[in-house]
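Breakdown of the fold
What follows is each chain in one-letter form.
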Amino acid sequence: MNGPSLPDIPAPASWRIALPHTAAAVPVARALVRTALAELEHAADSDTAELLTAELVANAVEHTAGDGPIELVVELLPTGCQVEVHDPDPAPPGDLTVPDPACEPDPWQEHGRGLLLIRTLSSSCGHRPTGSGKAVWFRLPVVPRQRRRV
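A brief report on the enclosed structure follows.

Our focus in this paragraph is the pattern of salt bridges. Summed over all chains, the structure comprises five salt bridges. Linking Glu84 and Arg128 is a salt bridge whose minimum nitrogen-to-oxygen distance equals 3.0 Å. With Glu84 in strand E3 (residues 80–87) and Arg128 in strand E4 (residues 124–130), the pair connects residues that are 44 residues apart, well separated along the chain. Residue class for Glu84 comes out buried when judged on its relative accessible area of 8%. For Arg128, a relative accessible area of 34% gives the class partly exposed.

Laid out in structure tokens, this is it:
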């Protein structure tokens, strides 16, 4: 081989799981994300990933009709992680990517801050159509070891 060698960069790993269309899906999704991020030496912030995953899954359960499963996809990348939640509703999720100032969350209400959290805490987020509905996603960057809890 001529020239310098490239560093060993592990291939992306991914997990895909069907979840029930019930509130029971939220703790299962959190556990999967926690387990997936524990696999990496330089992982994204697990607490933030769990929180944002819980928001996406709870939104899919609450705001999509039917009882068909939703799907969680976790992809570990050299630069961090991407989490997607697939649901059967093709309608885009509210103000995920472009905040609507007229729809600010009411600080006295229990609901209404999930998309704000995802926009604020992720490095990027969005949604895309799928053959059976849509996928809503977020990305988190790698967190250096000295900034992570041990």
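There is more to say after this.
Glancing now at the packing of helix H2 (residues 46–63) against helix H3 (residues 114–121). Where H2 meets H3, the axes come as close as 9 Å, and the angle between the chain directions of the two elements is 145°. The two elements H2 and H3 meet at a crossing, and its hand is left-handed. Packed against H2, whose contacting residues are Thr48, Leu51, Leu52, Glu55, Leu56 and Asn59, the element H3 presents Gly114, Leu115, Leu117, Ile118 and Leu121 at the interface. Classifying every residue of the contact of H2 with H3 gives seven nonpolar, three polar and one charged.

Thresholds applied
Residues numbered from 1 in each chain as written. Predicted model: local features only at pLDDT ≥ 70, side-chain atom pairs only at ≥ 80, totals over all residues. Heavy atoms only, no water. Salt bridge = Lys/Arg side-chain N within 4 Å of Asp/Glu carboxyl O. Helix = DSSP H or I, 4+ residues; strand = E, 2+ residues; numbered from the N terminus. Buried < 20%, exposed > 50% of the residue type's maximum accessible area, 1.4 Å probe, protein only. Axes fitted to C-alpha atoms, helices over the stretch in contact; angles between N-to-C directions. Left-handed = near helix turned anticlockwise from the far one by under 90°. Contact = heavy atoms within 4.5 Å. Nonpolar A, V, L, I, M, F, W, Y, C, P; charged D, E, K, R; others polar.

So, to be careful, I would describe these as geometric facts and stop short of saying anything about function.
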